[in-house]
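Understanding the architecture of this molecule
Single-letter residue listing:
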Amino acid sequence: MLCEERIDARLTDAESLVRAGADIGDPHAFLRGLWTEVYDRAPMHLRSPVLRRLHTLSRHLGASYVHGEGDRTSA
């Protein structure tokens, strides 16, 4: 699990990159990485604020991303 400080630092870095117009590559891959890196590893009591920040980033990027949807591979 990630601590609140690490979560905040990672999301702040991501938000800064997006606001600065940095080349983040595929927005869906960028968002998927953040969901996996931050949301999936966040303690339950911190997931709501993480969720809000990730949705804000998604809107800013104009990329609709639903965590878990389409991420699974079929056997």
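Residues numbered from 1 in each chain as written. Predicted model: local features only at pLDDT ≥ 70, side-chain atom pairs only at ≥ 80, totals over all residues. Heavy atoms only, no water.

1. Observations concerning helix α1 (residues 4–20)
Heads up, the condition is: Note on conventions: DSSP H or I runs of at least 4 residues are helices, E runs of at least 2 residues are strands, and numbering of each starts at the N terminus. An expected span of 1.5 Å times one less than the residue number is assigned to each helix. Residue burial is assigned from relative accessible area. The probe radius is 1.4 Å, only protein chains are included, and a residue is buried under 20% of its type maximum, exposed over 50%, and partly exposed in between. Starting at the helix axis, one direction is taken to each C-beta atom, and the arc is that of these directions. Residues are treated as being in contact if the distance between any of their heavy atoms lies within 4.5 Å.
Taking 1.5 Å per residue, 17 residues should reach 24 Å; α1 reaches 24 Å between its end C-alpha atoms and fits that length. Among all positions of α1, only Ile7, Leu11, Ala14, Glu15 and Val18 are buried. Along the long axis of α1, the arc covered by the buried residues comes to 100°, so they all point the same way. Relative to its buried face, α1 has exposed residues pointing more than 90 degrees away, namely Glu5, Arg6 and Ala20. Looking at the buried positions of α1, the neighbouring elements they touch are α2 (27–39) and α3 (47–61). Two residues or fewer past α1, glycine 21 is found with a positive phi of approximately 75°.

2. Focus on the side chain of serine 58
Of note, serine 58 is situated in helix α3. The residues contacting serine 58, other than those within four sequence positions of it, are Leu31, Ala63, Ser64 and Tyr65.

These values are about where atoms sit, not about what they do.
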